[in-house]
Amino acid sequence: MNFRDWNEQQDLTQFLHHEARLLDEHRWDEWQKLFTPDGLYWVPLVHGQADHLNHASLFCEDALLRSMRARRLEQARAYSQQPPTRTVHVLGNIALEARDDAGCTVRSTFLLLEWRKTEQRTFGGSVLHTLRRADDGWRIQTKRIDLVNCDAPHEALQVFL
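We now turn to the structure provided with this report. (Residues numbered from 1 in each chain as written. Predicted model: local features only at pLDDT ≥ 70, side-chain atom pairs only at ≥ 80, totals over all residues. Heavy atoms only, no water.)

**Description of the environment of Glu155**
Phase 1 of the analysis: Relative to the elements of secondary structure, Glu155 occurs in the segment after β6 (137-147).
Phase 2 of the analysis: Taking the C-alpha atoms as reference points, Glu155 and Thr105, 50 residues apart in sequence, are found 31 Å from one another.
Phase 3 of the analysis: In contact with Glu155, other than residues within four places in its own chain, are Arg116, Glu119 and Arg121.
Phase 4 of the analysis: There is a polar contact of 3.0 Å between the side chain of Glu155 and the side chain of Arg116. (Helix = DSSP H or I, 4+ residues; strand = E, 2+ residues; numbered from the N terminus. Contact = heavy atoms within 4.5 Å. Polar contact = N/O pair within 3.5 Å; in protein donor to acceptor, adjacent residues only side chain to side chain.)

**Some words on helix α3 (residues 63-74)**
Phase 1 of the analysis: Taking 1.5 Å of rise per residue, the 12 residues of α3 would be expected to cover 16 Å, and the 16 Å separating its terminal C-alpha atoms lies within 8% of that figure.
Phase 2 of the analysis: Among the residues of α3, those classed as buried are Arg66, Arg69, Ala70 and Leu73. Along the axis of α3, the buried positions cluster into a sector of 100°, meaning they face one direction only. Exposed residues on α3 whose side chains face more than 90 degrees from its buried face are Leu64 and Arg72.
Phase 3 of the analysis: In this fold, the buried residues of α3 make contact with α2 (28-32), β1 (35-44) and β2 (57-61).
Phase 4 of the analysis: Sitting at the amino-terminal end of α3 is Asp62, which places a side-chain oxygen 3.2 Å from the backbone nitrogen of Leu64. (Expected span 1.5 Å × (residues − 1). Buried < 20%, exposed > 50% of the residue type's maximum accessible area, 1.4 Å probe, protein only. Arc of directions from axis to C-beta.)

**Focus: the state of the cysteines**
Phase 1 of the analysis: For the structure shown, the criterion picks out zero disulfides.
Phase 2 of the analysis: In this model Cys150 remains outside any disulfide bridge; the closest cysteine sulfur is found in Cys60, 14 Å from its own.
Phase 3 of the analysis: On the basis of relative accessibility, which here comes to 3%, the residue Cys150 falls in the buried class. (Disulfide = S-S within 2.5 Å.)

**Let's talk about empty space enclosed by the protein**
Phase 1 of the analysis: Evaluated as defined, the whole model comprises two cavities of 30 Å³ or more.
Phase 2 of the analysis: Taken together, Leu16, Glu19, Ala20, Leu23, His89, Leu91, Ser108, Phe110, Val127, His129, Lys143 and Leu161 make up the full set of residues lining the largest cavity.
Phase 3 of the analysis: Elements supplying a minimum of two residues to the lining of the largest cavity: α1 (3-24), β3 (86-99), β4 (103-116) and β5 (119-134).
Phase 4 of the analysis: Residue contributions to the lining of the largest cavity peak at four residues, all from α1.
Phase 5 of the analysis: Here the residues of the lining of the largest cavity sort into seven nonpolar, three polar and two charged.
Phase 6 of the analysis: When its volume is computed, the second largest cavity comes out at roughly 30 Å³.
Phase 7 of the analysis: Leu23, His26, Trp28, Thr87, His89, Val159 and Phe160 together form the lining of the second largest cavity. (1 Å grid on protein atoms, 1.4 Å probe; cavity = no way out; pocket = protein on both sides within 12 Å on 5 of 7 lines; lining within 4 Å. Points joined across faces, edges and corners; volume = space filled by probe spheres on them. Nonpolar A, V, L, I, M, F, W, Y, C, P; charged D, E, K, R; others polar.)

Right, dumping it as structure tokens:
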């Protein structure tokens, strides 16, 4: 790994940590701005799912759907958010998978602890970010989250993973 690669790896790592912090702090508007206009947030329903068009998914959200869910989470009268859900993301194994002139693909692993009402839940898996270069940094074109237990029964998933 040369110096340029190391700097790029550090830049990408900081970007992913910043994204996780925005999610944990419920800074939905700032998080939304990390996506390209056509950005996709996708959580497949089964392992090895090839696409989001021909199969059901746990989440498959464009800008409009992400925004709608964020607004629901912010509603003062949202019963499911009384008290508000608390989360902490732990990221690891961040690796640059591919790069081209337009951007890069980064794979990482994550653990998410969620505290909701009186119950703590844990989620884990791998994340594949397809990132595009922008004038002021990186933008997410696709965020694919493969949960280890994606095919298990889940109580309502409300938080962004």
